[in-house]
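A structural walkthrough
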Amino acid sequence: MRNLLFVFSVLSISMTIHAQNQPPEAQISNGVITAKLYLPDTTTGYYRGTRFDWSGVIHSLTYQGHEYYGPWYTKTAPGIHDFVFDGPDIVAGPCSAIPGPVDEFLTEGKALGYDEAKAGGTFIKIGIGVLRKPDDSQYDHYRLYPVADPGKWSVHRKADSVEFTQEVADASSGYAYLYTKSVRLLPGKSEMEIAHSLKNTGRKTIHSSVYNHNFLVLKPLPIGPNFTITVPFQIQTSRPLDSHLAEIRGNRFHYKKALAGNETVSASFQGFGNKAADYRITIENEAAQAGVTITADRPLSREELWSIRSILAMEPFIDMTIEPGKSFSWKYHYAYFTTK
């Protein structure tokens with residue numbers, strides 16, 4: 001009996017340790033769609049890279065039997081810069097290994113206050129915190145920077161929503177903010193809203209842009225001719241497409257073959273105006289008879305497409321200028337649909 005009790009005791013301790021080492025997450029549902037989100041945590045969080053916002057990381061969303069998100073990589077490795085193709089595997093580095101709709105904040109392609117900081121000094125990455133500048137090299141968002149101060153995170157959960165709040169202040173750079181982000185499933189609908197608010201609590205003006213990477217998987221279908229991207233404007237691009245892989249037909253983007261190996265299709269979408277109505281992207285997979293329409297309440301400042309064999313990612317940018325004491329808010333709306 002003593003041996004049996006010892007076994008149960010060891011098993012209980014083992015299970016407790018295992019549970020403690022799992023990334024914290026939350027599951028939400030409105031009865032129509034179900035989503036799972038990783039929660040920010042400096043010790044056990046799934047994502048602790050220094051590129052993307054730590055809040056609202058949706059690693060699964062299911063509707064009508066379709067999985068819209070999930071890892072676009074098969075492995076991760078600490079020494080990888082962005083990602084690499086390794087035969088059948090796609091190996092992502094620590095700053096790129098993240099699924100779902102995720103935000104990144106950039107100021108002219110850099111982090112806030114990076115150029116002003118001296119080696120050993122600090123700068124800000126919104127949604128992450130205060131980072132340390134190790135040397136005088138150019139900013140690289142694929143590089144894993146030391147986190148000097150992740151700020152104060154708070155998470156409020158409900159059955160159909162999660163709200164995140166982060167307070168960050170960096171006295172040396174003069175930047176500080178209060179950031180709120182909520183992920184909410186709309187009652188009785190196959191729709192999700194991601195609402196943001198950024199208040200400048202520092203002494204310097206915040207000039208930034210934010211984009212959502214929108215890592216769309218729609219498992220297990222490869223990225224190829226079944227996918228169509230539609231926007232409200234006639235698409236123009238600054239560089240020609242590889243005609244063997246993709247083409248543009250007016251306001252639609254089409255793939256001409258299934259992407260394989262290390263084939264990559266990327267494009268900078270131009271032709272949009274300065275109204276929020278142009279921030280509208282519909283991605284549909286004909287074979288799956290499923291898709292999503294993404295809209296926002298702010299105008300586009302830039303729009304990019306990046307795709308490989310496992311992922312299709314539309315990246316719409318929004319610009320913001322926030323004076324000290326002022327706030328800026330914006331919302332994304334996702335409508336998931338089937339055509340069966």
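Everything below is about the structure printed above this text.
Definitions and limits used
Residues numbered from 1 in each chain as written. Predicted model: local features only at pLDDT ≥ 70, side-chain atom pairs only at ≥ 80, totals over all residues. Heavy atoms only, no water. Buried < 20%, exposed > 50% of the residue type's maximum accessible area, 1.4 Å probe, protein only. Helix = DSSP H or I, 4+ residues; strand = E, 2+ residues; numbered from the N terminus. Pairing = 2+ DSSP bridges. Axes fitted to C-alpha atoms, helices over the stretch in contact; angles between N-to-C directions.

Every regular strand shows the same layout, with side chains that alternate between the two sheet faces. Burial runs high along strand β13 (residues 161-170): seven of the ten residues are buried. Counted along the chain from β13 to the antiparallel partner strand β14 (residues 175-185), the turn is four residues long, and its residue Gly174 has a positive phi close to 85 degrees.

Turning our eyes to something else, we now look at the sheet that holds strand β7 (residues 89-92). Spatial strand order, β5-β7-β6: three strands in an open sheet with mixed pairing. Taken across any chain shown, the strands that pair with only one partner, and hence form the sheet edges, are β5 (75-76) and β6 (83-86). For β5 and β7, the ladder comprises two bridges, and the chain directions are parallel. Paired with Thr76 across the two strands is Ala92, which belongs to β7.

If you walk across this open sheet you meet the ten strands as β12-β13-β14-β15-β27-β24-β23-β18-β21-β20, and the pairing is antiparallel. Edge strands, defined here as strands with exactly one partner in the open sheet, are β12 (152-157) and β20 (246-249). Geometrically, the sheet is characterised by an average inter-axis angle of 15 degrees between neighbouring strands, direction not taken into account. Pairing of strand β18 (residues 227-230) with strand β21 (residues 252-255), which is carried by three bridges, proceeds in the antiparallel orientation.

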